[in-house]
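# Overview (structure and organization)
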Amino acid sequence: MTVTYTARVANARFCGFSKLLLAWKGSIYKVLYKEFLAFFAMYTAISITYRFFLFDEQKRYFEKLAIYCNHYASLIPMSFVLGFYVTLVVNRWWSQYTCIPLPDRLMCTLSGGLQGSDERGRMLRRTMMRYASLSAILILRSVSTAVFKRFPTMDHVVEAGFMTREERKKFEGLQSPYNKYWIPCVWFTNLAAVARCEGRIKDDSTLKLLLEDLNVFRGNCSMLFHYDMISVPLVYTQVVTLAVYSFFLVCLIGRQFLDPRQGYPGHDLDLYVPIFTLLQFFFYAGWLKVAEQLINPFGEDDDDFETNWLIDRNFQVSMMAVDDMYGDLPIIERDRYWNDSNPRPPYTAATLFVLRKPSFQGSTFDMAIPKEEMHFQPLEDIAENLEESGGRHPNMALFNRLLNAAPSATDLMGGAFRCTSTQVQRLRHSPGMDTSTSDDDDDDDDDDDDDDDDDDDGSGKIGKGGSLPSGLCQDTQSTMCSFRGEMSPRTPLLEIQFGAEQEWRGGHPILNQVKEMKGDGGVEEDRDVEGGKAEKTGGKMLHAPVSLLLPPLQPSRETSTRPASVTPVCSIDSSTLLLRPTPRSTLELFSSQPIINQNRAVPALPKPPIGGARMSFLTVPTHSVPQRLRSVSMGSELTGS
């Protein structure tokens, strides 16, 4: 019978499993002691031969062989192979037990569904239940050696009372080369149909429920048959067995204690008895024995299933349920707690401690929440907050966070111009660029007045010697560089001219007005640029600076007129851009000045003075006070205040 020790380990205590180590029935000692003694005997024989019967030359050769075997024995994956194999076998072992056909569900359905307390009704119930037990016996004697020894022939089955002689003749008269354990189940369904025709089964729902329970019973019988037919793949079992046996055959030589006088590494002691090798054999070989015992639980091992006990139990219980207990009801009376709305069964002194424990209400029952977070919020306020946060766009809050995290345009431009200034300085010092620094003298003479104005403003200038101002490319503060150059007959620099007035879509106006200054009279007049053309006054091209910084968003859609110096460049149509070549040199020079007081608001750029120097095509105002104009001039010179 199966070894049961559940009650002995019901409570965890100090060395709770220690008492189980002394058990003999079903223990690892009983299963493994023969292999263990054989392994130790072979090890002892080899050790004695090495110590007393080999010559010195033979001992040296044996020692080399032992070291070689011990070195390469670890290549055998013992834990990996055995672990997966035993896991597979244990899962298969429990699945086979759950497939053993039990009549409990079927007998309850049959006892309540097939009516009739007369002899006919009693005979139908008992016969149908006996057919179910017969089917279980036929499949169990096909897979279990213990059951087959109990019922070796069909005569034993008939003599045991599970089958009548007429039923045996009918059973043997059905010719089939396959296992015929399913025939009693078919007899069961035929009797159920007869009982339905006779009215002993009241409705089709009861008949359906009865047949469903029978199919579950028959399905378990079928699964036992398939578990018996489909075993664990033979190659897997062979690999595991060969791995274990070959490993310990190698250990018989490799784990020998060698002569310490030879000075081999790891052989400083001579203990004669390999304690840890024997423990390793006990664990690995015992692991293999566990799989060997559980791979077929329908045998006669100590831990195999008690199939004969199951047959006796199932047959006796099922017959009692459908015959003796049919219609046998105790007297119905009021229970002890008839008038008690809160019934509480009593406790003994040994279980009184249960009353002292509070009833479990849930894992969040005792969770504490601050009082200020426990007040309900009006839904109207929540709706208003949602509308304010996502009024323009559902993702406006996320968009604003991204804008705040992004670097400013001033920082990006300052970093870009710092790097470009360094590259231009290198090109200025290179010997191949000397000729490009000498431009037309006439153009230089024409620009003398402008250069003097720039010098008065204090803007840096790169001379022909390639010197740069001291404030260029400082890492500690952002720098905006003004763009200037010398005339050269080489490839001209394309200049960008901003055209007609634009309107901001979405309620934000843009005015791109270009102011042309007369060089002689000092009269200022505003003219719109049409078709990308600008008039020349006094031989000089003058344009108003255009700010690259966006003004704050305004909720109104009305178009407002602003000075051209603070007009934002937000949307530029392709028709408003005019690319015009100029006689400027491709070698552009940079002068830089640091931005100070960046937290100050952007002021409006002042109007250029009458008769002043040439204006830039693209001007970016800085955050400094309007005492000094810092800008980025593409192909022009700075205009100072």
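Below is a short write-up of the structure.

What counts and how
- Residues numbered from 1 in each chain as written.
- Predicted model: local features only at pLDDT ≥ 70, side-chain atom pairs only at ≥ 80, totals over all residues.
- Heavy atoms only, no water.
- Helix = DSSP H or I, 4+ residues; strand = E, 2+ residues; numbered from the N terminus.
- Buried < 20%, exposed > 50% of the residue type's maximum accessible area, 1.4 Å probe, protein only.
- Contact = heavy atoms within 4.5 Å.
- Areas by Shrake-Rupley, 256 points an atom, 1.4 Å probe, with all protein chains shown as cover.
- Salt bridge = Lys/Arg side-chain N within 4 Å of Asp/Glu carboxyl O.
- Phe/Tyr/Trp six-rings, centres within 6.5 Å; stacked < 30°, edge-to-face > 60°.
- Core = buried A, V, L, I, M, F, W, Y, C linked by side-chain atoms within 4.5 Å.
- Axes fitted to C-alpha atoms, helices over the stretch in contact; angles between N-to-C directions.
- Parallel < 35°, antiparallel > 145°, perpendicular 65-115°, else oblique.
- Left-handed = near helix turned anticlockwise from the far one by under 90°.
- Patch = residues over 30% accessible without salt bridge, like charges linked within 9 Å, V, L, I, M, F, W, Y side chains within 5 Å.
- Nonpolar A, V, L, I, M, F, W, Y, C, P; charged D, E, K, R; others polar.
- Expected span 1.5 Å × (residues − 1).
- Polar contact = N/O pair within 3.5 Å; in protein donor to acceptor, adjacent residues only side chain to side chain.

## Examining the overall build of the protein chain
Helix and strand content of the protein chain: 18 helices and 6 strands. Within the span of the protein chain, comprising 641 residues, buried residues form 36% of the whole. Long-range pairs, those at least 24 residues apart, make up 74% of the contacts in the protein chain with a sequence separation of at least 6. Split by element, the accessible area of the protein chain, about 39,800 Å² in all, is 58% carbon and sulfur.

## A closer look at the pattern of salt bridges
Taken as a whole and assessed by the stated rule, the structure comprises 20 salt bridges. Arg60 is the partner of Glu63 in a salt bridge, and the nearest nitrogen-oxygen pair spans 2.8 Å. Taken together, the positions of Glu63 and Arg60, both in helix α2 (residues 56-72) and 3 residues apart, correspond to about one turn of that helix. A salt bridge links Lys149 to Glu300; the nearest nitrogen and oxygen atoms lie 2.5 Å apart. Here Lys149 is found in helix α6 (residues 145-150), whereas its partner Glu300 is found in the loop between α12 (275-294) and α13 (307-324), with 151 residues between them in sequence. Residues joined in a network through salt bridges with shared partners are Asp118, Arg120, Glu198 and Arg200.

## Describing the packing of aromatic side chains
Any pair of aromatic rings gets described here by the distance separating the centres and the angle formed by the planes. Under the counting rule described, the total for this entry stands at 24 aromatic pairs. With 6.4 Å between their ring centres and 85 degrees between their planes, Phe36 and Phe282 make a pair best called edge-to-face. Of this pair, Phe36 sits in helix α1 (residues 28-52) while Phe282 sits in helix α12; the two residues are 246 residues apart in sequence, bridging distant segments of the chain. Take Phe36: its relative accessible area is 24%, and that puts it in the partly exposed class. When its relative accessible area of 23% is taken as the criterion, Phe282 is described as partly exposed. Their ring planes at 50 degrees and their centres at 6.0 Å tell us that Trp93 and Trp94 sit as a pair that is tilted. Here Trp93 falls in the partly exposed class, since its relative accessible area comes to 23%.

## What to know about the nonpolar core
One finds Leu110, Met128, Leu140 and Leu210 to be the most contacted residues of the largest nonpolar core, which totals 48 residues. Secondary structure elements with two or more residues in this core: α4 (104-113), α5 (119-143), α7 (154-159), α9 (183-197), α10 (204-229) and α13. Beyond its immediate chain neighbours, meaning those up to four positions away, Leu140 contacts Val147, Leu224, Phe298, Thr307 and Ile311. Formed by 26 residues, the second largest nonpolar core is a distinct cluster that contains Phe257, Phe281, Ala291 and Leu294.

## Looking at the packing of α4 against α13
Look at α4 against α13: their axes get within 9 Å of each other, and the N-to-C directions meet at 15 degrees. Here α13 runs roughly parallel to α4, going by the angle between their axes. When the axes of α4 and α13 are compared, the crossing they make is right-handed. Here Asp104, Met107, Leu110 and Ser111 of α4 lie close against α13, whose contacting residues are Arg313, Val317, Ser318, Ala321 and Val322.

## Focus on the side chain of Lys180
Take Lys180: it is sitting in the loop between α8 (165-173) and α9. Apart from residues lying up to four places away in sequence, Lys180 is in contact with Leu138, Phe171, Glu172 and Leu174.

## Details of a nonpolar patch on the surface
Together, Phe40, Tyr272, Val273, Ile275, Phe276, Leu279 and Phe283 line one region of the surface with nonpolar side chains, adding up to about 740 Å² of accessible area. Counting residues per element, the nonpolar patch draws most heavily on α12, at 4 residues. Mapped onto the fold, Leu279 is located in helix α12. Looking at Leu279, the relative accessible area reads 39%, which means it is partly exposed.

## Things to note about unusual backbone geometry
With the exception of glycine, most residues fall at negative phi, and the peptide bonds are largely trans. Backbone geometry at Cys15 places phi at a positive 55 degrees, although glycine is not the residue there. Structurally, Cys15 can be placed in the segment before α1. Classification of Cys15 by relative accessible area gives partly exposed; the value is 44%. Its identity as a non-glycine residue notwithstanding, Tyr272 has a phi of 70 degrees, on the positive side. The topology assignment puts Tyr272 in the loop between α11 (234-254) and α12. Tyr272 sits in the exposed class, given a relative accessible area of 52%.

## Quick look at the packing of α9 against α10
Packing of α9 against α10 brings their axes to within 11 Å, and their N-to-C directions diverge by 175 degrees. One element, α9, and the other, α10, form an angle in the roughly antiparallel class. Counting all contacts with α9, which are made through Cys185, Phe188, Thr189, Ala192 and Arg196, the residues of α10 involved are Asp204, Leu207, Leu210, Leu211, Leu214 and Arg218. Of the residues belonging to the contact of α9 with α10, the class tally is 7 nonpolar, 1 polar and 3 charged.

## Concerning helix α3 (residues 78-98)
Residue pairs three or four apart in sequence face the same way in an α-helix, which turns once every 3.6 residues. Taking 1.5 Å per residue as the helical rise, α3 with its 21 residues ought to reach 30 Å, and the 31 Å between its terminal C-alpha atoms agrees with that figure. Along α3, the residues classified as buried are Met78, Val81, Leu82, Gly83, Tyr85, Val86, Val89, Arg92 and Gln96.

## Examining the side chain of Thr277
Structurally, Thr277 can be placed in helix α12. Assessed through its relative accessible area of 6%, Thr277 is described here as buried. Reaching out from Thr277, the side chain makes a polar contact with the side chain of Arg255 at a distance of 3.3 Å. Ignoring sequence-local partners within four residues, the contact set of Thr277 consists of Phe39, Phe248, Cys251 and Arg255.

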